[in-house]
Amino acid sequence: MSGERRKKGLWLDPRTKLFLILICVLASMFAPSLAYQFALVVLIAILGTFFGKWKYVIKAVCFYAVICVLTVWIMAEMTGTLRTMFIAFLGLFHKVYACGMLAGIVLSTTKVNEFLSAMNRVHAPKKLVIPLAVMLRYIPTIQEDWRYIKDAMRMRDVSPSLGGFLSHPGMTVECIYVPLMMTASKAADELSIASVTRGIENPNPRTCLVQIKCGIADWMIMTVAVAFLIFELCVRGGVIG
Amino acid sequence: MSNQVNSMGKGLTVKDLVTTGIFTALVFVFVLVGGIFFAPNPVLTFFMPAGSGLLAGPVFLLMIAKVQKRWSLSIMGVVICIIWFVTGMHWAFALGYLIMAVVADFVAGAGQYKSKKLNSLAYILFSLGGTGSYIVFFADPNGWAQTMLGNGTEQGYIDTMQATANTGILIAMFAAAIITSAISAFVGCKMLKKQFEKAGITA
């Protein structure tokens with residue numbers, strides 16, 4: 001296990017990752033100015049390079065830099081309603097971007113089973129963990145089903161495109177929804193039988209091959225994140241009060 | 001199957017939990033597909049809740065029809081909230097879905113999860129959850145823009161905000177979201193009656 005970890009770069013506890021996302025949301029909520037927002041993105045980028053996600057990080061930072069320049073330009077040049085529209089939109093964008101970027105890194109580096117055993121360790125209720133796990137597993141399946149449904153629709157001369165939707169709305173809608181929902185409810189029946197057979201109702205604690213624990217790296221990264229948030233709050237408080 | 005349901009008593013069985021999970025995935029995908037054309041567009045971004053309300057109705061109604069127990073909708077709300085939060089959406093957006101899902105659960109529960117009208121109403125309420133982040137925006141437009149403008153929020157911006165956005169767009173946003181989700185729920189009811197009840201899919 002440790003050899004594999006070293007190859008991939010840094011390995012963090014899923015709980016740490018969740019904590020980081022929480023801090024990230026708070027940090028971008030309280031960010032006093034655009035510069036801090038950018039600093040946050042850069043911090044996330046550094047974390048991303050530790051994970052070995054070079055390409056993703058470079059793309060994300062470049063894109064954000066362009067948006068920042070654009071924002072400054074719009075603030076300086078535009079007036080009136082158009083400006084208001086852009087302020088509303090860019091406000092949402094800046095608040096979401098940093099978290100979205102971190103989420104991208106987290107999702108691509110966390111496996112579902114690691115996530116589940118971490119959830120178990122924090123004693124999340126089973127009623128919540130089971131639907132969550134099923135959902136994460138089922139989303140790729142929807143994609144697959146969608147391809148089959150498209151093929152089947154073409155075979156029966158129903159066009160799965162926008163044109164087909166406009167000419168025969170009722171037909172197209174039915175042809176998309178009905179098979180998707182039928183397969184979903186069949187899958188629900190089968191999956192519940194399968195998971196009962198594999199002992200999902202077992203009251204004993206779940207075991208996992210991958211050991212979940214907080215290492216030094218986890219604590220260090222959490223400290224950095226909290227420090228950044230506190231620094232931000234200080235700046236904000238100092239400026240306002 | 002019937003054995004298993006009986007042995008588990010009244011609460012949510014594993015089957016209900018799995019069903020909730022799978023339909024949550026479908027609802028999530030439909031909400032995402034409906035909203036994604038609107039969200040990155042500065043002019044249309046306010047109609048994002050409307051767009052995402054348009055598609056998920058039939059799935060939502062089938063899930064209610066299949067589970068017919070309390071907390072199933074709330075669990076869906078919590079799961080969707082976690083996913084929105086983890087994928088970095090605005091916090092008020094995630095919270096909006098969570099709150100409205102719990103509200104929808106109680107509304108649908110008032111009719112024992114069997115009344116079509118109450119279930120449709122529950123869906124409309126649920127899809128209003130998407131307006132959360134916009135409500136935060138309208139409640140505090142200065143705080144919203146502060147990040148970009150620095151600390152000197154200009155008078156011109158506040159004026160435009162109060163003149164155009166505060167009432168007009170807010171009402172339009174709610175109206176559009178309610179109308180599209182009502183259409184979606186209506187189509188969903190028709191579809192359930194025509195396709196799923198006969199096939200015995202609904203419990």
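Source: prediction; values computed, not measured.

J.: How do you make sense of the overall build of chain B when you look at a structure like this?
T.: Secondary structure summary: chain B contains 10 helices and 0 strands in total. Helices and strands appear in chain B in the N-to-C order α-α-α-α-α-α-α-α-α-α.

J.: Quick question: what am I supposed to make of the overall build of chain A here?
T.: When you go through chain A residue by residue, the secondary structure sums to 10 helices and 0 strands. Taken from the N to the C terminus, the helices and strands of chain A come in the order α-α-α-α-α-α-α-α-α-α. Taking all 241 residues of chain A together, 27% fall into the buried category. Across chain A, contacts joining residues at least 24 apart in sequence account for 76% of those joining residues at least 6 apart.

J.: Just to check I follow, could you spell out the packing of helix α6 (residues 91–110) of chain B against helix α7 (residues 116–127) of chain B for this structure?
T.: The relative placement of two packed helices is expressed as an angle between their axes plus a distance between the axes. Residue and element names in this part refer to chain B. In contact at an axis separation of 8 Å, α6 and α7 are set at 170 degrees when each is read in the N-to-C sense. One way to sum up the angle between α6 and α7 is to call them roughly antiparallel. When α6 is examined against α7, the residues Met100, Ala101, Val103, Ala104, Val107, Ala108 and Ala110 are found in contact with a partner set consisting of Leu118, Asn119, Leu121, Ala122, Leu125 and Phe126. Classifying every residue of the contact of α6 with α7 gives 12 nonpolar, 1 polar and no charged.

J.: I'm lost on the nonpolar core in this one. Help?
T.: Nonpolar side chains in soluble globular proteins generally cluster together in the buried interior. Core analysis: the largest hydrophobic core is formed by 106 residues, its most contacted members being Leu102 of chain A together with Val27 and Val59 of chain B. If one sorts the elements of this core by residue count, helix α2 (residues 14–36) of chain B sits on top with 12 residues.

J.: Even after reading the chapter, I still don't get helix α9 (residues 169–197) of chain A, so can you show me in this structure?
T.: Counting along an α-helix, one turn takes 3.6 residues, and residues three or four places apart therefore face a common direction. All names here are of chain A. With 29 residues, α9 should reach 42 Å at 1.5 Å per residue; the first-to-last C-alpha distance of 42 Å fits that figure. When α9 is considered as a whole, its buried residues turn out to be Thr172, Cys175, Tyr177, Met181, Ala184, Ser185, Ala188 and Ser192. Phi turns positive, to about 85 degrees, at Gly199, one or two residues after α9.

J.: What's the story with unusual backbone geometry in this structure? I'm lost.
T.: Note: most peptide bonds trans; most residues except glycine with negative phi. All names here are of chain B. The backbone of Trp71 sits at a positive phi, close to 80 degrees, despite the residue not being glycine. Inspection of the secondary structure puts Trp71 in the loop between α4 (57–67) and α5 (72–86). Although it is not a glycine, Gln112 adopts a positive phi angle of roughly 60 degrees. Tracing the chain through its elements places Gln112 in the loop between α6 and α7.

J.: Please explain the confidence of the model for chain A as it appears in this structure.
T.: Atom-level detail of predicted coordinates should not be read off regions where pLDDT is low. For chain A, per-residue confidence averages 77 on the pLDDT scale, and 87% of positions sit at 70 or higher. pLDDT under 50 marks residues 1–7 of chain A. Its contacts with residues more than four places away, or in other chains, come to 2 contacts.

J.: In this structure, what is going on with the packing of α2 of chain B against α5 of chain B? I would like to understand it.
T.: Residue and element names in this part refer to chain B. The N-to-C vectors of α2 and α5 enclose an angle of 50 degrees; their axes lie 10 Å apart at closest approach. Taken as axis vectors, α2 and α5 run oblique relative to one another. For the pair α2 and α5, the sense of crossing is right-handed. Residues Asp16, Thr20, Thr24, Val27 and Phe28 of α2 pack against Ser72, Ile75, Met76, Val79, Ile80 and Ile83 of α5. Each residue belonging to the contact of α2 with α5 can be placed in one class, and the counts come to 7 nonpolar, 3 polar and 1 charged.

J.: Could you clarify how one ought to interpret the environment of Leu107 of chain A in this entry?
T.: You can see Leu107 of chain A is positioned in helix α5 (residues 80–109). Here the alpha-carbon distance between Leu107 of chain A and Phe30 of chain A, two residues 77 residues apart in the chain, equals 24 Å.

J.: I'm lost on the confidence of the model for chain B in this one. Help?
T.: All names here are of chain B. Predicted confidence across chain B gives a mean pLDDT of 76, with 76% of residues reaching 70 or more. Mean pLDDT values for the elements of chain B range from 41 in helix α1 (residues 2–7) up to 86 in α7. Note on residues 1–9: pLDDT is under 50 here. Beyond four places in sequence and across chains, it has 5 contacts. Scoring of the predicted complex yields 0.74 for pTM and 0.73 for ipTM.

J.: What exactly am I supposed to notice about the environment of Arg154 of chain A here?
T.: Residue and element names in this part refer to chain A. Position of Arg154 relative to the elements: it lies in helix α7 (residues 126–155). A residue is classified by how many C-beta atoms lie within 10 Å of it, and Arg154, with 13 of them, is partly exposed. For the pair Arg154 and Met222, spaced 68 residues apart in sequence, the C-alpha separation works out to 52 Å.

J.: I'm lost on the environment of Thr24 of chain B in this one. Help?
T.: Relative to the elements of secondary structure, Thr24 of chain B occurs in helix α2. Each residue touching Thr24 of chain B, except ones within four places of it in the same chain, is listed here: Pro131 and Met135 of chain A together with Met76, Val79 and Ile80 of chain B.

Reading guide: rules and limits
- Residues numbered from 1 in each chain as written.
- Chains lettered and ligands numbered in written order.
- Predicted model: local features only at pLDDT ≥ 70, side-chain atom pairs only at ≥ 80, totals over all residues.
- Helix = DSSP H or I, 4+ residues; strand = E, 2+ residues; numbered from the N terminus.
- Buried ≥ 20, exposed ≤ 12 C-beta atoms within 10 Å, placed from the backbone.
- Contact = placed C-beta atoms within 7 Å.
- Axes fitted to C-alpha atoms, helices over the stretch in contact; angles between N-to-C directions.
- Parallel < 35°, antiparallel > 145°, perpendicular 65-115°, else oblique.
- Nonpolar A, V, L, I, M, F, W, Y, C, P; charged D, E, K, R; others polar.
- Core = buried A, V, L, I, M, F, W, Y, C linked by C-beta atoms within 7 Å.
- Expected span 1.5 Å × (residues − 1).
- pLDDT = per-residue confidence, 0-100.
- Left-handed = near helix turned anticlockwise from the far one by under 90°.

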